[in-house]
Amino acid sequence: MTDSPAPPPDAPTPLLAVRGLSKRFGAGVANDGVDLTVMRGEIHALLGENGAGKSTLVKAIYGVVAPDAGTIEWEGREVAIPDPNAARRLGIGMVFQHFSQFETLTVAENIALGLGGRESPDALTPRIRETARRYGLAVHPERHVFHLSVGERQRVEILRCLMLAPKLLILDEPTSVLTPQEAESLFAVLRRLAAESCAILYIGHKLEEIRALCHTATVLRSGRVAGTCDPRRVSPTELATMMVGSDIAEPRRRASQPGRVVLTVSDLTLEPDDAHGMRLDGIRFELRAGEILGIAGVAGNGQKELLAALSGERLSRRTAIRLGAEAIGALGPVARRRAGLAFIPEERLGRGAVAELSLAENGMLTRLAAPVVAAGLVRRGAARALAKRLIERFKVRAAGVSAPAASLSGGNMQKFIVGRELDARPLVLLAAHPTWGVDVGATVAIRQALLDLAEAGAGIVVVSEDLAELFEIADRIAVLSSGRLGQAVAVSQLTLEAVGVQMAGQAAEERLDAA
Amino acid sequence: MRLEKREAPSAVMLWAAPLLAAAASVVLAGLLFVVLRVNPLAALRLLYLAPIASANGVAELALKMTPLLLCALGIAIGVRANVWNIGAEGQFTMGAIAGGGVALTLGPAGGWYVLSLMLVAGILGGMAWAAIAASLRVGTNAHEILTTLMLNYIAQNILSWLVHGPWRDPQGFNFPQSKTFASAATLPSLWGTRLTPIFFVALLAAPCAWVLLQRTTAGYRLRVAGLAPAAARYAGFSASSTVWLSLLIAGGLAGLAGIAEVAGPIGQLVPTISPGYGYAAIIVAFLGRLEPFGIVVASALMALLYLGADGLQMHMQLPLSLTGTLQGMLLFLLLAGDVRVANRVVWRRG
């Protein structure tokens, strides 16, 4: 078989052919007779809502999940891929959406382990730098992973795969934390790889991106193939309809006048609490009631530090931050919440919610006060009622208030967390990457919920790397770059390109101190 | 054969795993006896049945259970909060020293209040010892696994120095031991056995621990801190209070166990007051699934192993290190069973 001559050029052998793949988890069907064909040098999009079965399909290809039925052919031969090592030996590399790295090790050490640990990290460092430089991935091999933001960690993952010179590279929503420029340079990398005849299997749901990048798209819905098309030849609406199975609504914009100032940050300067953190340098801005302020920027430019300072996880000068008239800079998260602040963190499981705990117990994570608590005891009835209200009001798909958080899809968990923070009726809401890795339906619902909250008179700060999102919901946008915050400018006076350039730090002279 | 992660932990396996581990350890113990060339059935009977064949035997079992249960509850609360207290042994010892010190200072002069003072001193002694580890963790970020373990050796050496030196009984024929405690400084024994009322205190501590973990906001904070430290920071739960609270509770419980041991069955301070209760309690905590009621059952089982191994040593001349072997076997079997809780076994070709 392996010695058979190359097939005639008019019928090239696909690099990868999946036929009739099915996988069942307990009662649910993740994949039901899925067919997928990927050619050499092709950038192939795998589209679908969360829970459509994209992850299960690629995990089967990467040997993480054992399929119940179906075959996988690699370069024309049927193969068994019992584990990721086998996949890597075939030449398949994968960047997971929720990848795991050793936080206490350096980038180089992580990559060395990912390559089997045969080469020493020191010996690898020059090659890592070379590969990083060649593909324009800003990665410092000697940094410790725990210092890195999600976006930076993802670059490490991509780099780790590229070190193996794969024939097929699987990427699970790789651009969700990249700026347009970074995404564009990643696309350049991917196009170059494709030109070198490496195939790319690209999971995503940013339709514009897929139309710009991919040659073919396979759309999954409820575990089945809903269709295969050339994404360059169909409209985004057609693609979205194929994914969702019905028409989707545009978020409704409100027309409201900004009210009184609800959040004032004045000359907030904070030294980083670790050697590789970003110093916050004289941050100042005002947020008015009814307003959504977008803070754009590439991960690692001080977002983590700014959010920690605003949420109270890091304390600052008392008067550096005022909520209404109250100076809250020196208050911790609990006291700030009591004063009317709410916070939607970047990470869902493990930060915004505890995976192992039920929704009832997750609902009270930031609501540990009356009526859920009385005399130091948890009132379980009240906690369940709160969770039930959040599930109903924000249309969270869950088995009930006793379901563990880990059992929800990313989008539904995020709706629950957003709901919990909104339900606290905050004066000011901080939201970090509120729709990161969330499916189309939940994204629309979450953005609408934020718009509604602003309309009801709250001030909202949204930190996001998704510029399209900021342009859609924010009234003003300011760019955070190297720990400094540029002047907030009304969205109507901004272009995507201008913000992108500023995010990349090429417009330092345009960074003005707020008047 | 390979393991595949379950979407949700299996509820059946969660409770079947300890039972299977117990059953498998009986079988393996039998095999061990065959290898040791003793009659396996007779040995198993000595190990598991003979200790509880009489009312006195049951009382002895409850007596052995007491320190295991108290220490394991504290350890479990800590582990649930991701605070790994390996120092129950040292906290136990310091409880015995602090309480014993009260008994020796007041001597036979004291009245009814002596015993209460001793118990309070015992609890405070254990807490103080745990507080050293807590302050090192909070102040200097020195991990409690190391510090509590090292503090165990220090506590043991302090006890040894005291009974060899300043607290040695002058009429004790130079044996390294203190005077025996006065009767007012000794726990009453029940029903003509060596059992003391502290057993019931230990039994009551289990539901208290459950209420703390499941029904109070303090317990909720501990659990969140243990499961997801970043979520605890996000919610604004203080990381240092988590460390302090869980270590102080654990230290207090272990200290109580220590003073109950010297004011009860031992009756004086001697160089060795614990056959490793503080370490065995770690196994008990995990065997009981870190759940207070599971720990009650697990501590009874572990106490049975202690008594049974004693019997084997006396009647079959088997080495006492068999206790450790049997305990270790039980823990490993349980860990093996735990893999099945989170994973299912898939058989397939290749």
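Below is a summary of the structure that appears in this document. (Residues numbered from 1 in each chain as written. Chains lettered and ligands numbered in written order. Predicted model: local features only at pLDDT ≥ 70, side-chain atom pairs only at ≥ 80, totals over all residues. Heavy atoms only, no water.)

Before going further, it helps to examine the overall build of chain A. For chain A, the count of helices and strands is 16 helices and 23 strands. For chain A, with 515 residues in total, the buried portion stands at 55%. Summarising the internal contacts of chain A: among those between residues at least 6 apart in sequence, 67% fall at separations of at least 24. Carbon together with sulfur atoms contributes 51% to the accessible area of chain A, which is approximately 21,300 Å² in total. (Helix = DSSP H or I, 4+ residues; strand = E, 2+ residues; numbered from the N terminus. Buried < 20%, exposed > 50% of the residue type's maximum accessible area, 1.4 Å probe, protein only. Contact = heavy atoms within 4.5 Å. Areas by Shrake-Rupley, 256 points an atom, 1.4 Å probe, with all protein chains shown as cover.)

If you tally the helices and strands in chain B, you get 13 helices and 2 strands. The C-alpha radius of gyration computed for chain B amounts to 21 Å, which stays within 12% of the reference 20 Å derived for 350 residues, consistent with globular compactness. For chain B, the spread of C-alpha atoms along the principal axes amounts to about 75 × 60 × 35 Å. Residues counted as buried form 53% of the 350 residues belonging to chain B. For chain B, contacts bridging at least 24 residues in sequence account for 76% of all contacts bridging at least 6. Of the accessible surface of chain B, which amounts to about 15,300 Å², a share of 70% is contributed by carbon and sulfur atoms. Across chain B, the centroid of the 20 positively charged side chains sits 8 Å from that of the 10 negatively charged ones. (Rg over C-alpha atoms; globule rule 2.2 N^0.38 Å. Lys, Arg positive; Asp, Glu negative; His and termini not counted. Charge placed at Lys NZ, Arg CZ, Asp CG, Glu CD.)

Our focus in this paragraph is a nonpolar patch on the surface. On the surface, a nonpolar cluster with roughly 260 Å² of combined accessible area is contributed by V27, L28 and L31 of chain B. Position of V27 of chain B among the secondary structure elements: in helix 1 (residues 11–35). (Patch = residues over 30% accessible without salt bridge, like charges linked within 9 Å, V, L, I, M, F, W, Y side chains within 5 Å. Salt bridge = Lys/Arg side-chain N within 4 Å of Asp/Glu carboxyl O.)

The subject of this paragraph is the nonpolar core. Formed by 99 residues in total, the largest nonpolar core has its most connected members in F33, M118 and L312 of chain B. Here this core gets 15 residues from one element, more than from any other, and that element is helix 3 (residues 55–80) of chain B. Apart from residues lying up to four places away in sequence, F33 of chain B is in contact with V38, P40, A43, L44, L47, L312, L318 and L322 of chain B. Counting 91 residues, the second largest nonpolar core, distinct from the first, contains L341, L368, A432 and L450 of chain A. (Core = buried A, V, L, I, M, F, W, Y, C linked by side-chain atoms within 4.5 Å.)

Time to look at the environment of G363 of chain A. Residues and elements named next belong to chain A. Along the chain, the position of G363 falls in helix 11 (residues 359–363). Along the backbone, G363 and L390 are 27 residues apart, and their C-alpha atoms lie at a distance of 8.1 Å. Ignoring anything within four residues of it in the chain, the contact list for G363 reads L386, F416 and R420.

This paragraph deals with the sheet that holds strand 15 (residues 326–327) of chain A. Within a sheet, each strand pairs with its neighbour through backbone hydrogen bonds, oriented either parallel or antiparallel. Residues and elements named next belong to chain A. The 4 strands lie next to each other as 12-11-14-15, forming an open sheet whose pairing is antiparallel. For this open sheet the edge positions go to strand 12 (280–288) and strand 15, each flanked by a neighbour on one side alone. Here strand 11 (residues 261–270) runs beside strand 14 (residues 321–323); their pairing, made up of 3 bridges, is antiparallel. Bridging from a neighbouring strand, T264 pairs with R322 of strand 14. (Pairing = 2+ DSSP bridges.)

Attention shifts here to the packing of helix 3 of chain B against helix 12 (residues 292–316) of chain B. Packed helix pairs are specified by the crossing angle of their axes together with the interaxial distance, meaning the distance between the axes. Residues and elements named next belong to chain B. For the pair helix 3 and helix 12, the least separation of the axes is 7 Å and the interaxial angle reads 130°. As summarised for this structure, helix 3 and helix 12 are arranged oblique, according to the angle between their axes. Two packed elements cross with a definite hand, and for helix 3 against helix 12 that hand is right-handed. From helix 3, G57, E60, L61, K64, M65, L68, L69, A72, L73 and A76 reach across to helix 12, where they touch P292, I295, V296, S299, A300, M302, A303, L304, Y306 and L307. Class assignment of the residues belonging to the contact of helix 3 with helix 12 gives a composition of 16 nonpolar, 2 polar and 2 charged. (Axes fitted to C-alpha atoms, helices over the stretch in contact; angles between N-to-C directions. Parallel < 35°, antiparallel > 145°, perpendicular 65-115°, else oblique. Left-handed = near helix turned anticlockwise from the far one by under 90°. Nonpolar A, V, L, I, M, F, W, Y, C, P; charged D, E, K, R; others polar.)

Further remarks concern the pattern of salt bridges. All names here are of chain A. Applying the stated criterion across every chain, the model contains 29 salt bridges over all chains. Residue R127 pairs with E119 through a salt bridge whose shortest N-O separation is 3.1 Å. Given a relative accessible area of 38%, E119 falls into the partly exposed group. Across the salt bridge formed by E421 and R420, the nearest N and O atoms sit 2.8 Å from each other.

To continue, consider helix 5 (residues 113–140) of chain B. All names here are of chain B. With 28 residues, helix 5 should reach 40 Å at 1.5 Å per residue; the first-to-last C-alpha distance of 39 Å fits that figure. Turning to helix 5, its buried residues are V114, L115, M118, A121, G122, G125, G126, W129, A130, A131, A133 and A134. Along its buried surface, helix 5 packs onto helix 4 (88–106), helix 6 (144–164) and helix 10 (239–266). Looking one or two places after helix 5, you find N141, whose phi comes out positive at around 65°. (Expected span 1.5 Å × (residues − 1).)

All right, on to the interface of chain B and chain A then. Each partner contributes residues to the interface: chain B has 20 residues there, and chain A has 33 residues. Where chain B abuts chain A, roughly 2,300 Å² becomes buried across the two surfaces, and 57% of that area is made up of carbon and sulfur atoms. For chain B, the biggest contributors to the area lost against chain A are R215, Y220 and Y234 of chain B; these three give 34% of the whole. Counting across the chain B and chain A interface gives 1 salt bridge. Linking R223 of chain B and E361 of chain A is a salt bridge whose minimum nitrogen-to-oxygen distance equals 2.6 Å. Connecting chain B to chain A are 11 residue pairs in polar contact (both at pLDDT 80 or more). Ranked by residues supplied to the side of chain B that touches chain A, first place goes to helix 8 (residues 217–227) of chain B with 6 residues. For the side of chain B that touches chain A, a count of residues per class yields 9 nonpolar, 3 polar and 8 charged. (Buried area = accessible area lost by both parts, 1.4 Å probe. Polar contact = N/O pair within 3.5 Å; in protein donor to acceptor, adjacent residues only side chain to side chain.)

A few words now on unusual backbone geometry. Even without being glycine, D267 of chain A reaches a positive phi, approximately 50°. Structurally, D267 of chain A can be placed in strand 11. Even without a glycine there, the phi angle at R37 of chain B is positive, about 60°. Relative to the assigned elements, R37 of chain B resides in the loop between helix 1 and helix 2 (40–49).

This part is about the packing of helix 5 of chain B against helix 6 of chain B. All names here are of chain B. Viewed as axis vectors pointing N to C, helix 5 and helix 6 meet at an angle of 145°, and their least axial separation amounts to 10 Å. For the element pair helix 5 and helix 6, the recorded crossing hand is right-handed. Note on element contacts: helix 6 touches helix 5 through E144, T147, T148, L151, N152, I154, A155 and I158, opposite W129, I132, A133, L136 and R137. Counted by class, the contact of helix 5 with helix 6 contains 8 nonpolar, 3 polar and 2 charged residues.

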